[in-house]
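Commentary on secondary and tertiary structure
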Amino acid sequence: MSDLIQTVIDSEEKADLRQFIGLLYQQEKRYLLRSDILRVFSEYCSQAEKEDSFFSGSLLGQLIYFTQEFILENESLCLVLRPVIARQEYFRVNREDLRVEPLSIQEYLDLCDQTTGRFRPQDGDVLELDFQPFYDFSPSIRDSKNIGKGVQFLNRFLSSKLFQDPGKWQQRLFQFLRLHRHNGSQLLINERLQTLSQLSAQLKRVIAFVSARRPEEPYANFRFDLQSLGFEPGWGNTAARVRETLEILDALLDSPDHETLEAFISRIPMVFRVVLVSPHGWFGQEGVLGRPDTGGQVVYVLDQARSLEKQLIEDHTLAGLEPNPKVVILTRLIPNNDGTRSNQRLEKVYGTDNVWILRVPLREFNPAVTQNWISRFEIWPYLESFAIDSEKELMAELRGRPDLIVGNYSDGNLVAFLLARRLGVTQCIIAHALEKSKYSYSNLQWEELDDQYHFSLQFTADLIAMNAANFIVTSTYQEIAGTADSVGQYESHRTFTMPDLYHVVSGIDLFNPKFNVVPPGVNENIYFPYTRTEDRTPGDRERLEQLLFSLDDPDQAYGHLDDPGKRPLFSMARLDRIKNLTGLAECFGRSPALQEHCNLILVAGKLRAEDSTDREEIAEINRLYELIDRYRLEGKIRWLGVRLAKVDSGEIYRVIADRQGVFVQPALFEAFGLTILEAMISGLPTFATRFGGPLEIIQDGVNGFLINPNALEETAEKLLEFVGKCEANPSYWQQISERAVHRVYSTYTWKIHTTRLLTLARVYGFWNYGSQENREDLLRYVEMLFYLLFRPRAQKLLERHSQRDSIE
Ligand code: UDP
Ligand code: LCN
């Protein structure tokens, strides 16, 4: 990359570079992020009256494209370049003679500290966190495009081990097979098979034995024959299934390859009891959506839990076992429940046999705090004791240890780490959204922000959980490694500084096979295409039509539509700043043409600022009223301030689709975006933000459309173009609608998700067993961070809480 800088310097664009640098120094900021850099460069291009092609076509334009950060010093400027996905390089360019020199990570981090005025070399070095040495002995993915396909990589790696070093690895596989028990009974192989060669020899005999039987003959008929040959339940429910599984094992021992390995490991019955951890929010099945901190994560975890049970029942039945899996969602019990069931210890999940929400109270350090809901930013001091108490409750509830623990969000992931470490269980984490990338200077300004956000705790917890996890599930590739021009959420944890606290030299290895992209699905009983009229209830449809378009009830809806027949532009989200519903209102307000063709319909939690205690929400409510006023949107907008029941939230998309409407998701950034899947499966053409997960869900112009929420005019034009096309050719709406439905059914279902998740649990379970000695040193380092760094800080926060009557 230094070549590119040098090429610019040696070219006729040298003068442009100098002038651009001059413009940079006219900015107030000394630390410029990508959005600032692009803005200044665009300013330069117009000041210098450059042709449009200069912005991206010139050498300087290319250099800017790769630049993530500029740090301006008096004599020189530092560039952070990201030449390819998941790689970063640091350079210093002298302002006067444009001499270029590389910077080390340490120098870069020191420089970052200097911009905050907190660099005090005389005080000595700051603590450096470096996880890389622990990964040096792990297998590593080479090509960045394969990041997130960890399990495929691991299967190849493990099968090559079985091939190259069968003595060691076949022995491990054999020992692994002997481990499995369920409800006190041995599974797979018993003590009659004491050695690998005995297993190998006996396999052929058993294959011959089952091959001689009717394929559909139930396992129970020949169970005792197999037992006397050394084989216990778990191989299959019929003669054909047992034969197939044994043949896969035989093939694996004979000539291992990755497909055979995955096929075999996926059949091992080793997951019976699963714990999903989601501590902070109002976790429940009713009346919780739209409350602070309780959004898509609750929807995701509930659907995942249901689907896991279904898949486990199917797997256990096929394995010839009595299917009785148990899934427990672990959350906190909130005594002051505010009308929810969050004060109930145990709640069965609807539509399941054995899925439960288990609520464990926080210890009463200070009842004024711990009796109430606590924001996710304040929950940290209570998590260690919560994990300890939960361990006991879980052991009692499950009558033993779980086989898999899945954490959700930073707090749940930390608890999952503590539980998994204590119980010796495979640990998976799911971030949903990593807070660090949501706030531009969250690490650099952590001290100023700590009062409100406590990022020093959250980022430390994230580093602990992501490094300790056996495997990490993400919803998109870019959650891990970003795109060609934007940094991934996990990637942003690789190198950063928290001035005066620590420097992270290497926070996470993105090329480690622990990363797996496994997107979620949608609840297909609630969200389904509007065309499935036989599954819709006419009464609900009429009631919601009224609510959406005409009901005159100031408690539920604001605004009256002059022409309710216009095409509805619909959006539904909490009124958080980042969800940007106000941006959509402004886009609509600024476009009379759009108003001529469409109405804007928003479902957004609340209507009145005085009903909210959340600062951001209050500001958004006021802004929405102000926009309605400014752009005279009366008669063209309806704003519903309701918390919809789950079935209604499905029907509402279909009612909009009945009128050939459009769903718009205008978030400034969206980690994934469940509403996008919900809208698409309902058959709604969807326009969603290009910043975040939607970029991977929607194929622009094919099954939906991507928008830039910062470019209001461009978005309005894109919407108008679509509306125009639909008016000229009514089958166009239909075409996009059908493709949207197909996109979700083919790629985003819970069946695909849980089949994959369970395969991961099994493969990483084996990998964990086979390679344990490589992980212990890493886990010790992580533990040290927890006890020496996290815990004392959490203790300080607890002391602050104890001086207060309540926290918000
Ligand atoms: N939701 C809802 N009512 C609302 C707002 C949202 O039922 O008033 C649901 C919505 O249907 C979706 C979830 O909450 O299932 C929001 O998830 P998403 O991933 O879109 O965003 P998050 O809130 O997690 O950031
Ligand atoms: C959190 C978010 O911010 C959303 O983008 C996701 O869809 C949701 O969690 C579920 O993973």
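Throughout, a residue's number is its position along its own chain's written sequence, starting from 1. Throughout, the order in which chains and ligands are written sets their labels, letters from A for the former and numbers from 1 for the latter. Per-residue local features of the predicted model are confined to residues with pLDDT of at least 70, and side-chain atom pairs are confined, for both listing and counting, to 80 or more; whole-chain, interface and lining totals are unaffected and use all residues. Hydrogens and water molecules were not included; the side-chain quantities draw on all heavy atoms of the structure.

**Overview of a negative patch on the surface**
The following threshold applies: Residues forming no salt bridge and having over 30% relative accessible area are the ones grouped into patches, like charges within 9 Å of each other and nonpolar side chains (Val, Leu, Ile, Met, Phe, Trp, Tyr) within 5 Å. To measure how exposed things are, a 1.4 Å probe is used in the Shrake-Rupley method; for residues, cover is taken only from the protein chains shown. A pair is scored as a salt bridge if a Lys or Arg side-chain nitrogen falls within 4 Å of a carboxyl oxygen belonging to Asp or Glu. His is not counted, nor are the chain ends; Lys and Arg add positive charge and Asp and Glu add negative charge. Where a charge lies is defined by one atom per residue type, namely NZ (Lys), CZ (Arg), CG (Asp) and CD (Glu). Secondary structure counts use DSSP, requiring at least four H or I residues in a row for a helix and at least two E residues in a row for a strand, with both numbered from the N terminus.
A cluster of acidic residues, Asp562, Asp563, Asp629 and Glu634, forms a negative patch at the surface. By the secondary structure assignment, Asp563 is in the loop between β19 (557-558) and β20 (567-572).

**What to know about the environment of Ala585**
To keep it simple, the criterion reads: For this analysis, residues touch if any pair of their heavy atoms sits within 4.5 Å.
Turning to its location among the elements, Ala585 is positioned in helix α22 (residues 581-589). Taking the C-alpha atoms as reference points, Ala585 and Leu712, 127 residues apart in sequence, are found 9.8 Å from one another. Residues contacting Ala585, with those up to four places away along its chain left out, are Leu600, Leu624, Leu627 and Leu633.

**Comments concerning the pattern of salt bridges**
Counted only if it meets this: Each residue's exposure class comes from its accessible area (1.4 Å probe, protein chains only) as a fraction of the maximum for that residue type: buried when under 20%, exposed when over 50%, partly exposed otherwise.
Applying the stated criterion to the full structure yields 59 salt bridges. Measuring nitrogen to oxygen at the nearest pair gives 2.8 Å for the salt bridge that ties Arg291 to Asp338. On the criterion of sequence distance, the pair formed by Arg291 in the loop between β9 (273-277) and α14 (296-318) and Asp338 in the loop between β10 (326-333) and β11 (346-348) is long-range, its members being 47 residues apart. Judged by relative accessible area, Asp338 falls into the exposed class, the value being 51%. The partner of Arg341 in a salt bridge is Glu347, and the shortest N-O contact between them spans 3.0 Å. Among the charged side chains, a salt-bridge network with shared partners connects Glu586, Arg590, Arg623, Glu626, Arg630 and Glu713.

**So, the site of ligand 2**
Rule in force here: In this text, near means that some heavy atom of the residue lies within 4 Å of the molecule or strand in question. Pairing of N or O atoms within 3.5 Å defines a polar contact, subject to two protein rules: one partner must be a possible hydrogen donor and the other a possible acceptor, and residues neighboring in sequence count only if both atoms are side-chain atoms. Under the grouping applied here, Gly and all other residues not named as nonpolar or charged are polar, the nonpolar ones being Ala, Val, Leu, Ile, Met, Phe, Trp, Tyr, Cys and Pro and the charged ones Asp, Glu, Lys and Arg.
The full set of residues close to ligand 2 is Gly296, Tyr300, His432, Ala433, Glu670, Ala671, Phe672, Gly673 and Leu674. Phe672 places a polar main-chain atom, nitrogen or oxygen, 2.8 Å from an oxygen atom of ligand 2. Here Leu674 contributes a backbone N or O atom positioned 3.5 Å from an oxygen atom of ligand 2. Protein chains shield 87% of the accessible area of ligand 2, which is 290 Å² for the free molecule. Looking at the shell around ligand 2 residue by residue, the classes come out as five nonpolar, three polar and one charged.

**Structural notes on the packing of helix α17 (residues 409-423) against helix α19 (residues 455-468)**
Condition: Axis angles are defined between N-to-C directions and span 0 to 180 degrees, where every axis is a line fitted to C-alpha atoms and, for a helix, only to the segment in contact. Small angles under 35 degrees read as roughly parallel and large ones over 145 as roughly antiparallel, with 65 to 115 read as roughly perpendicular and the rest as oblique. Left-handed describes a crossing whose near helix is turned anticlockwise from the far helix through less than a right angle; right-handed describes the clockwise counterpart.
Their axes nearest at 9 Å, the elements α17 and α19 cross at an angle of 50 degrees. As the angle between them shows, α17 and α19 are arranged oblique. Like other packed secondary-structure pairs, α17 and α19 cross with a definite hand, here left-handed. Residues Tyr409, Ser410, Asn413, Leu414 and Phe417 of α17 form the contact with α19, whose participating residues are Gln458, Ala461, Asp462, Ile464, Ala465 and Ala468.

**A few points about the site of ligand 1**
Near ligand 1, the surroundings consist of 13 residues, among which Gly296, Arg574, Lys579, Leu674 and Glu678 are the closest. A distance of 2.7 Å separates an oxygen atom of ligand 1 from a polar atom in the side chain of Lys579. At a separation of 3.2 Å, an oxygen atom of ligand 1 approaches a polar backbone atom of Thr675. In isolation ligand 1 has 540 Å² of accessible area, and contact with the protein removes 88% of it. When residues of the shell around ligand 1 are traced back to their parent elements, those giving at least two are α14 and α26 (674-682). At three residues, α26 tops the list of elements feeding residues into the shell around ligand 1. Within the shell around ligand 1, the residues separate by chemical class into five nonpolar, four polar and four charged.

**A short note on the pairing of strand β23 (residues 662-665)**
Put simply, the rule is: When DSSP finds at least two bridges between two strands, those strands are taken to pair. If you view a crossover with the strands going away from you and the path from the first strand over the helix to the second runs clockwise, you call it right-handed.
The alternating pattern of β23 places Val662 and Val664 on one face and Phe663 and Gln665 on the opposite face, and all of these are buried. Judged from the two bridges that link them, β20 and β23 form a sheet pairing that is parallel. When the bridges of β23 are listed, Phe570 appears paired with Phe663. In this view, the connection linking β23 to its parallel neighbour strand β24 (residues 686-689) by way of α26 has right-handed handedness.

**So, the environment of Ala573**
The residue Ala573 is located in the loop between β20 and α22 in this model. The contacts of Ala573, once residues within four sequence positions are left out, are Lys579, Leu581, Val603, Ala604 and Gly605.

**Some points on the environment of Arg30**
Along the chain, Arg30 falls in the loop between α2 (14-25) and β1 (31-33). Placed 85 residues apart in sequence, Arg30 and Thr115 show a C-alpha to C-alpha distance of 6.8 Å. Those residues in contact with Arg30, other than ones at most four positions away along the chain, are Tyr25, Phe70, Ile71 and Leu72. Within the structure, Arg30 has its side chain in polar contact with the backbone oxygen of Gln27 (distance 3.5 Å).

**Details of the UniProt feature "domain: Sucrose synthase first GT-B" (unreviewed entry) in the chain**
We count it as follows: UniProt positions are given in the numbering used here, feature names are shortened, and annotations may be inferred rather than shown by experiment.
The UniProt record annotates "domain: Sucrose synthase first GT-B" (unreviewed entry) at residues 260-549. Annotation note: span residues 260-549, helix share 36%, strand share 17%, distance between end C-alpha atoms 56 Å.

**Describing the packing of aromatic side chains**
Geometry of an aromatic ring pair is reported as the spacing of the ring centres plus the angle between the planes. Just so we agree on the cut-off: Two rings from Phe, Tyr or Trp (for Trp, the six-membered ring) form a pair when their centres are within 6.5 Å of each other. A pair whose planes differ by under 30 degrees is stacked, one over 60 is edge-to-face, and the rest are tilted. For a Lys NZ or an Arg CZ to count as sitting over a ring, it must be within 6 Å of the ring centre and within 35 degrees of the ring normal.
Per the counting criterion, the structure on display carries 47 aromatic pairs. Their ring planes at 40 degrees and their centres at 4.9 Å tell us that Phe134 and Tyr781 sit as a pair that is tilted. One end of the pair, Phe134, is in helix α7 (residues 132-135); the other, Tyr781, is in helix α31 (residues 772-802), with 647 residues separating them in the sequence. Chaining the aromatic ring pairs together yields one cluster made of Phe20, Phe41, Tyr44, Phe54, Phe55 and Phe70. Positioned over the ring face of Trp282 is Arg291, at 4.8 Å from the centre of the ring.

**Thoughts on empty space enclosed by the protein**
The following threshold applies: Buried and open spaces are told apart on a 1 Å grid over the protein atoms alone, a cavity being a set of points where a 1.4 Å probe fits but cannot get out and a pocket being an open set with protein on both sides within 12 Å along at least five of seven lines. Residues with an atom within 4 Å of a point are the lining residues. Grid points are joined across faces, edges and corners, and a volume is the space filled by probe spheres set on the points.
Counting across every chain of the model gives five cavities of 30 Å³ or more. Along its surface, the largest cavity is lined by 17 residues, and Tyr135, Ser138, Asn512, Trp767 and Arg775 are the ones closest to its centre. At three residues, the largest contribution of residues to the lining of the largest cavity is made by α31. For the lining of the largest cavity, the class distribution of residues is nine nonpolar, six polar and two charged.

**Considering the pairing of strand β15 (residues 471-474)**
The alternating pattern of β15 places Phe471 and Val473 and Ile472 and Thr474 on opposite faces, both of which are buried. Alignment of strand β14 (residues 426-430) against β15, held across three bridges, turns out to be parallel. Across the sheet, residue Ile430 finds its bridge partner in β15, namely Val473.

**Here we look at the sheet that holds β24**
Where strands meet in a sheet, backbone hydrogen bonds hold them as pairs that are either parallel or antiparallel. The strand order across the open sheet built from seven strands is β19-β22-β21-β20-β23-β24-β25, with neighbouring strands paired in mixed fashion. Two strands bound the open sheet, and with one partner strand each, they are β19 and β25 (705-707). Relative to β24, β23 is paired through three bridges, and the arrangement is parallel. Looking across to β24, one finds that Gln665 is bridged to Ala688. Sitting on the sheet, helix α24 (residues 615-630) is in contact with β19, β21 (598-603) and β22 (637-640), with an inclination near 165 degrees to β22. Of the strands in this sheet, β20, β23 and β24 are in contact with α26, which crosses β23 at around 170 degrees.

**Here's the deal with unusual backbone geometry**
Even without being a glycine, Asn183 presents a positive backbone phi close to 50 degrees. Within the secondary structure, Asn183 is located in the loop between β7 (181-182) and β8 (185-186). Residue classification places Asn183 among the exposed positions, given a relative accessible area of 55%. The phi dihedral of His454 is positive, around 55 degrees, even though this residue is not glycine. Topologically, His454 is positioned in the loop between α18 (446-453) and α19. Overall, His454 belongs to the buried group, its relative accessible area being 2%.

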